[in-house]
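Geometric and topological summary
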Amino acid sequence: VHFWSNLNYYNTNGADVSIDEDGLSGNSLNADISSAPSNTNEWVERTDLSFGAGLGNWHFQAQYLNHNDGGFYNPGFSLTDETVIGRNYFWSDLRWKDDFFDDQLTLQTKLIYNRYSHDYDILLQPPGFLKQFPPPTGLTSLSSGMRSITKAELEDLGAEAQADFYFTEDHIVTLGGEAKKTRLFDVTHDANYNSTGPLPD
């Protein structure tokens, strides 16, 4: 039996990248709520755990990654400090491999399971942002800012099989196949705005 594992943890406030003007600086409606000049939101926190084990012809390995960051430069083109971009990723595989006929035939199979999720909480615009909606709504102040929250999960389940025939030292014939099912679920998007009028702030 053999076993291995590896753990990494990374945490940084990021570089002090200063922005003199953001997307609100020259905006007649919202220049007064701009945070510029200020720094981008470059903090990152990441945990990475990988491990594996083997017993005879069986081998298992997996990895879990949790990553969160502040969104660096906001996709809303304004400096805000409440954005959190979160991602979780897990992958794993269970393999079996054996040789037959004096190593002239090698068979191996593998089962895989992967899961990915993301949770994006983005403050696109700071509190007090003035947005012009179509009539009859008109100009509206979003007291808690313009926020978008997106969540989704993706799952993979699959199997692989492969056979290698060693006819001579220089000639190998490989046959194999793979089947995989991917499922996307729990997809949500919440926001305190839309294109025709504001949702409850």
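Residues numbered from 1 in each chain as written. Predicted model: local features only at pLDDT ≥ 70, side-chain atom pairs only at ≥ 80, totals over all residues. Heavy atoms only, no water.

1. Description of the pattern of salt bridges
Stated formally: When a carboxyl oxygen of Asp or Glu is within 4 Å of a side-chain nitrogen of Lys or Arg, the pair counts as a salt bridge. A run of DSSP states H or I qualifies as a helix once it reaches four residues; a run of E qualifies as a strand once it reaches two. Both are numbered from the N-terminal end. Classification of residues uses two cut-offs on accessible area relative to the type maximum, computed with a 1.4 Å probe and protein chains only: under 20% is buried, over 50% is exposed, and between them is partly exposed.
Following the criterion strictly, the structure yields eight salt bridges and no others. Note that D69 is salt-bridged to R87, the shortest N-O span being 3.3 Å. Pair noted here: D69 is in strand β5 (residues 58-69) and R87 is in strand β6 (residues 84-100), with a separation of 18 residues, a long-range link. Between E153 and R115 there is a salt bridge, and its shortest N-O distance comes to 2.4 Å. Of the two residues, E153 is situated in strand β10 (residues 146-168) and R115 in strand β7 (residues 105-125); the sequence distance between them amounts to 38 residues. You can call R115 partly exposed: its relative accessible area is 27%. Within this structure, R115, E153, E155 and R183 form a network of salt bridges that share partners.

2. So, the packing of aromatic side chains
Threshold: The aromatic pairing rule takes the rings of Phe, Tyr and Trp, using the six-membered ring of Trp, and pairs them if the centres are within 6.5 Å, calling planes under 30 degrees apart stacked, those over 60 edge-to-face and the rest tilted.
As enumerated under the stated definition, the model contains four aromatic pairs in all. Aromatic side chains F51 and F60 sit 6.2 Å apart centroid to centroid with 45° between the ring planes, which places their arrangement in the tilted category. Exposure remark for F51: the relative accessible area of 25% places this residue in the partly exposed category. Judged by relative accessible area, which is 31%, F60 ranks as partly exposed. Centroid distance F90 to Y113: 6.4 Å. Interplanar angle 55°. Geometry classified as tilted.

Keep in mind that these numbers describe shape and distance, not what the molecule does.
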